[in-house]
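# What the coordinates show
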Amino acid sequence: MGSNEARRQARRSLDAVWSMNDREFEEYVAGLCRRDGCTDVRRVGGAGDLGADVTGHLPDGRTSVIQCKRYAKHRTVGSRDIQTFNGTARAEHDADVPVFVASCVFTKPGRDFAARHHLTLIDVNLLGFWNGGTTLSSFLDLDIGRSGTHRRLHPDRD
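These lines cover the structure that appears in this document, whether it is placed above or below. As the structure is a computational prediction, the values presented were derived from the model and not from experiment.

Conventions used here
- Residues numbered from 1 in each chain as written.
- Predicted model: local features only at pLDDT ≥ 70, side-chain atom pairs only at ≥ 80, totals over all residues.
- Heavy atoms only, no water.
- Helix = DSSP H or I, 4+ residues; strand = E, 2+ residues; numbered from the N terminus.
- Buried < 20%, exposed > 50% of the residue type's maximum accessible area, 1.4 Å probe, protein only.
- Contact = heavy atoms within 4.5 Å.
- Areas by Shrake-Rupley, 256 points an atom, 1.4 Å probe, with all protein chains shown as cover.
- Core = buried A, V, L, I, M, F, W, Y, C linked by side-chain atoms within 4.5 Å.
- Expected span 1.5 Å × (residues − 1).
- Polar contact = N/O pair within 3.5 Å; in protein donor to acceptor, adjacent residues only side chain to side chain.
- Pairing = 2+ DSSP bridges.
- Axes fitted to C-alpha atoms, helices over the stretch in contact; angles between N-to-C directions.
- Parallel < 35°, antiparallel > 145°, perpendicular 65-115°, else oblique.
- Left-handed = near helix turned anticlockwise from the far one by under 90°.
- Nonpolar A, V, L, I, M, F, W, Y, C, P; charged D, E, K, R; others polar.

## Quick look at the overall build of the protein chain
Within the protein chain, the secondary structure is distributed over seven helices and seven strands. Starting at the N terminus and ending at the C terminus, the protein chain contains elements arranged as α-α-α-β-β-β-β-α-β-β-α-β-α-α. When burial is assessed residue by residue, the protein chain has 48% of its 158 residues classed as buried. For the protein chain, restricting intrachain contacts to residue pairs at least 6 apart in sequence, the fraction spanning at least 24 positions comes to 61%. With an accessible surface of roughly 7900 Å², the protein chain has 46% of that area assigned to carbon and sulfur atoms.

Laid out in structure tokens, this is it:
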């Protein structure tokens, strides 16, 4: 199976995500963390969460803080959102591993910023693989500056 076909199949497995509300999406991400052996996983999103939607500890004990954005698939998350999260994840939440999960793609400037500041980004394509069984830990060492695509997905096709 080619990588394009694998990506399409992974994205198709996310159909349920498009029908979730923000809170359900946060619970879904928390569930994937638990599946992958994270401990003390809590959904903490809501007013005043300072960018932390899900918190927990990775299997190796490091603290992880996750921001979740359930956007329409044709949208993008840009550098400003990622900079804001970077500013709170470590300073406010003492995160060892800040992770930004989005149901769309990240812009190139956003991915470049994340690479410089050692943030893990999980876009819609990687989310499909996470949903399909790839573990959270395996995403932590990806070169986010080079991975993925910053092309928006058309709203009506995968």
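There's plenty left to go through after this.
## Some words on the nonpolar core
Phe25, Tyr28, Val29, Val101, Ile122, Leu127 and Trp130 are the most contacted members of the largest nonpolar core, which has 27 residues in total. Top contributing element to this core by residue count: helix 3 (residues 22-35), with six residues. The residues contacting Phe25, other than those within four sequence positions of it, are Val17, Met20, Cys68, Lys69, Arg70, Val101, Ser103 and Leu127. Core analysis: the next-biggest nonpolar cluster, separate from the first, contains 16 residues, Val65, Ala102, Leu119 and Leu121 among them.

## Details of helix 3
In this model, helix 3 (14 residues) spans 20 Å end to end at C-alpha, consistent with the 20 Å of a helix rising 1.5 Å per residue. All buried positions along helix 3 are accounted for by Phe25, Glu26, Tyr28, Val29, Ala30, Leu32 and Cys33. Looking at where helix 3 begins, the residue whose side-chain oxygen comes 3.1 Å from the main-chain nitrogen of Arg23 is Asn21. Gly37 sits one or two residues past helix 3 and shows a positive phi near 90°.

## Some points on the sheet that holds strand 2 (residues 54-57)
Strand order in the open sheet made by the five strands is 1-2-3-5-7, with mixed pairing throughout. A single partner strand is all that each edge strand has here, and the edge strands are strand 1 (39-43) and strand 7 (120-122). Adjacent strand axes in the sheet meet at a mean angle of 15°, parallel and antiparallel pairs treated alike. Relative to strand 3 (residues 63-69), strand 2 runs antiparallel, the two being bridged by four bridges. In the strand pairing of strand 3, Thr55 is matched with Val65.

## What to know about the packing of helix 3 against helix 6 (residues 124-131)
Where helix 3 contacts helix 6, the axes come no closer than 11 Å and their chain directions differ by 50°. Of the possible angle classes, the one that applies to helix 3 and helix 6 is oblique. Between helix 3 and helix 6 lies a crossing of left-handed hand. Residues Phe25, Tyr28, Val29, Leu32, Cys33 and Arg35 of helix 3 lie in contact with helix 6, whose contacting residues are Leu127, Trp130 and Asn131. A class-by-class count of the residues in the contact of helix 3 with helix 6 yields seven nonpolar, one polar and one charged.

## Some thoughts on the packing of helix 4 (residues 79-89) against helix 5 (residues 108-116)
Axis separation between helix 4 and helix 5 bottoms out at 8 Å; the angle between their running directions is 25°. As far as their axial angle goes, helix 5 and helix 4 are roughly parallel. Contacts between helix 4 and helix 5 involve Ser79, Ile82, Gln83 and Asn86 from the first element and Pro109, Gly110, Phe113 and Ala114 from the second.

Without other data, these values stay purely geometric and don't point to any function.
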